[in-house]
Amino acid sequence: MSHEQLSLPRHAAASAALEVSNARLLAALLLAILLPLAIFASRIEPAPAIALFGACGLLAFLFSTGYAPGALLSARVDWRLYGFCLLGALALCLASGEAHFFFSPYDWFIRDAVLADVTLNKYPVFYHYQGGDFLMRAPLGMYMLPALIGWSRGLHAAHYALLGQNAFLLGTILYFSARLAGGSALRFLALLMLFSSVDILPRIVQNYIESFESGEFVIQPHLMFWNKLVFYWGQIPSLFWAPNHALAAWIFAVLLFLEIRREIDIAYLGLAFLVLLFWSPLAMIGAAPFLLWRIARNLSWDLISRRNALAFAAALLLIPLAFFLSLDAGRVTREWLFLREDFWLWYGLLLVFGLPQAWILIARWSEVAEWQRGAVGLAIGLLVVMPFYRIGVTIYDNDMTMRCALTPWFILAFGFSGMAQARLDRGAALGAVATAVILLSAFTGFFEIRRGVMDATYAINDCNLLTVTDKVTPGFPISNYLAHVDKVPDWFAKDTGARLEIEKRVCWPGFALMTGR
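Every chain is numbered on its own, with residues counted from 1 as its sequence reads. This being a predicted model, a pLDDT of at least 70 is required before a residue's local features are given, and a value of 80 or more before pairs of side-chain atoms are given or counted; all residues contribute to the totals for chains, interfaces and linings. Calculated side-chain values reflect all of the structure's heavy atoms, with hydrogen atoms and water omitted.

Digging into the overall build of the chain
Check the secondary structure of the chain and you find 23 helices and 5 strands. Radius of gyration (C-alpha) of the chain: 23 Å, near the 24 Å computed for a compact globule of 517 residues. Structurally, the chain occupies a C-alpha span of about 70 × 60 × 55 Å along its principal axes. In this scheme, a residue with accessible area under 20% of its type's maximum is buried, one over 50% is exposed, and one in between is partly exposed, where area comes from a 1.4 Å probe on protein chains only. A total of 517 residues make up the chain; the buried ones form 55% of that total. Note on definitions: a residue-residue contact is assigned when non-hydrogen atoms from the two residues lie within 4.5 Å. In the chain, the share of contacts with a sequence separation of at least 24, taken over all contacts with a separation of at least 6, comes to 82%. With an accessible surface of roughly 21,200 Å², the chain has 65% of that area assigned to carbon and sulfur atoms. Of the side chains in the chain, 37 bear a positive and 35 a negative charge, and the two mean positions are spaced by 5 Å. Note on conventions: DSSP H or I runs of at least 4 residues are helices, E runs of at least 2 residues are strands, and numbering of each starts at the N terminus. The globule rule used here is 2.2 Å times the number of residues to the 0.38 power, and the radius of gyration it is set against is calculated over C-alpha atoms. Exposure was quantified through the Shrake-Rupley algorithm and a 1.4 Å probe, taking into account, for residues, occlusion by the shown protein chains and nothing else. Charge assignment in this entry is limited to Lys and Arg as positive and Asp and Glu as negative, and neither His nor the chain termini are counted. Taken as the charge centre is NZ of Lys, CZ of Arg, CG of Asp or CD of Glu, depending on the residue.

Things to note about the layout of surface pockets
Looking at the second largest pocket, its volume works out to about 310 Å³. Those elements that provide at least two residues to the lining of the second largest pocket are α13 (266–276), α14 (281–298) and α15 (306–317). No other element matches the 5 residues that α13 contributes to the lining of the second largest pocket. Under the scheme applied, nonpolar residues are Ala, Val, Leu, Ile, Met, Phe, Trp, Tyr, Cys and Pro; charged residues are Asp, Glu, Lys and Arg; polar residues are all the others, including Gly. Considered class by class, the residues forming the lining of the second largest pocket number 10 nonpolar, 2 polar and no charged. A pocket here means an open set of points on a 1 Å grid, computed over the protein atoms alone, that has protein on both sides within 12 Å along at least five of seven lines. A cavity is instead a set of points where a 1.4 Å probe fits but cannot get out; residues with an atom within 4 Å of a point line either one. Grid points are joined across faces, edges and corners, and a volume is the space filled by probe spheres set on the points.

Examining the pattern of salt bridges
Whenever a carboxyl oxygen of Asp or Glu lies within 4 Å of a side-chain nitrogen of Lys or Arg, that contact is scored as a salt bridge. For the structure shown, the criterion picks out 17 salt bridges. A salt bridge links R426 to E367; its shortest N-O distance comes to 3.8 Å. Linking R426 in the loop between α21 (406–425) and α22 (432–454) with E367 in the loop between α18 (356–363) and α19 (373–385), this pair joins segments that are 59 residues apart in sequence. Here D462 makes a salt bridge to R505, at a shortest N to O gap of 2.7 Å. Within this pair, whereas D462 is found in the loop between α22 and α23 (465–472), its partner R505 is found in the segment after β5 (482–484), the two being separated by 43 residues in sequence. According to the relative accessible area criterion, D462 is partly exposed, its value standing at 35%. For R505, a relative accessible area of 31% puts it in the partly exposed group. Among the charged side chains, a salt-bridge network with shared partners connects R364, E367, R423 and R426.

Focus on a nonpolar patch on the surface
Nonpolar side chains collect at one region of the surface, where I204, V205, Y208, I209, F212 and F217 lie side by side and expose about 630 Å² of accessible area between them. Inspection of the secondary structure assignment puts Y208 in helix α10 (residues 200–214). Patch construction takes residues with relative accessible area above 30% that form no salt bridge. Like charges are linked within 9 Å, and nonpolar side chains (Val, Leu, Ile, Met, Phe, Trp, Tyr) are linked within 5 Å.

Quick look at the packing of helix α5 (residues 79–95) against helix α9 (residues 185–193)
Interhelical geometry of α5 versus α9 gives an angle of 30° and a closest axis separation of 12 Å. By the angle class used here, α5 and α9 are roughly parallel. α9 is crossed by α5, and the crossing has right-handed handedness. Residue-level inspection shows L81, F84, C85 and L92 of α5 in contact with α9, the latter providing A185, L186, L189 and M193. For the contact of α5 with α9, the per-class residue count stands at 8 nonpolar, no polar and no charged. Axis lines are fitted to C-alpha atoms, over the contacting stretch for helices. Their N-to-C directions set the angle, which ranges from 0 to 180 degrees. Every angle not falling under 35 degrees, over 145, or within 65 to 115 is termed oblique; those three ranges are roughly parallel, roughly antiparallel and roughly perpendicular. Two helices that cross are described as forming a left-handed crossing if the nearer one is turned anticlockwise from the farther one by less than a right angle, and a right-handed crossing if clockwise.

As for the packing of helix α12 (residues 243–260) against α14
Relative to each other, α12 and α14 sit at 10°, their axes nearing to 9 Å. As judged from the angle between their axes, α12 and α14 are roughly parallel. Two secondary-structure elements touch here, α12 through H245, A248, A249, F252, L256, E259 and I260 and α14 through L282, A283, M284, A287, F290, L291, W293, R294 and N298.

Structure, rendered in structure tokens:
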């Protein structure tokens, strides 16, 4: 047999390996967000664990088979585009401070502590804090797979696994976004990821006024904090500061677009919504209106099917997850912001500088792709009303606009970027206002990237959640992460008797940013 004859089977096998459909890639994405739930189930008591394992098995089956993919999902993966998206995603995750090769924003002090606690103590993790005993109760979707690797390889390996996991998820999100949008992938993705409020203008005015008191004009690096009451975060800040929330919201938005295009069915979208609750219940609050809209649009006798019956069974088996996420959740404060005297001033400024792309889209509504109009219109409506209500520990931690709004924000960004892309593909000018908004809003993302790349990093550390909170924000209530032990029944998680407490130690040697302690 000749050398050429020997090489043919190898070449055919290599070609077959590359002939992976987009449907299989999407299934891999969903399995990646499902696996952390199975890992979590292995750490709790048998009754809820069996239910969650059963749900994971059904979900894996339903995500992988049983629906008829459309033209996009039936097509083969564009490996060149996908490779570019993965490299871009890895670069963004590195610049955001993941694995601490570069500077990490302040929220990573807490996220590092959560990862350290579930890696070094496994789960469940108990604390003694301010005279009470608590269980860690948090959406742990982003942490469980890295923690699993860290159980055998150590905390540094867990951080590297987190980086790889998030780069894969983000790269796959970007890939499907580009395929859905069409046109120039590079240009569209640049428009999508640099999408933000026009934060630079009010920030310059604010810092100029403050310079009269300080005698120095300095533009703060995080531009999005100019509004004292309500503000939306751009794509890059959301990814850098809160990847668990951003990735969950963006995955749902991509799945929503695929369902609108009839690439997946409503069962796929609904079950993904339930799984993503383990990654970010806050992001799914903003996603829920879109899911209800699509359920209403799909109401028919056709919903009575074997596949949907299995989906309903999987949803019932996920009840222990809902129970876990709701443990002692009533301690998180809420209020109607529009009742505050200063609300309307800051809200008016938000409408002008926070949502200019929405008004451009409304003015150019005929240029929005027809299949996107329902989702984009609902997104604009939600973004207009969401600032009326606040969820969060303090007035400066408004999760309604910072986290719950991430799904409609991504959909608005997708619609605006798609409209701009279509005009450029036709050779038409964007217009002075749209061009100015694109350029000015990009400063928010560029400032975050510059800070991440240029500022000094701090080392991976194993300080626990209580210690980090005490050093960064002493006395700050952390009800988002803790539930009273007496609220946790033994059939869900037995008390191990071990307790983590505030440690008197140095967490970041040579790095003094928030406090000198």
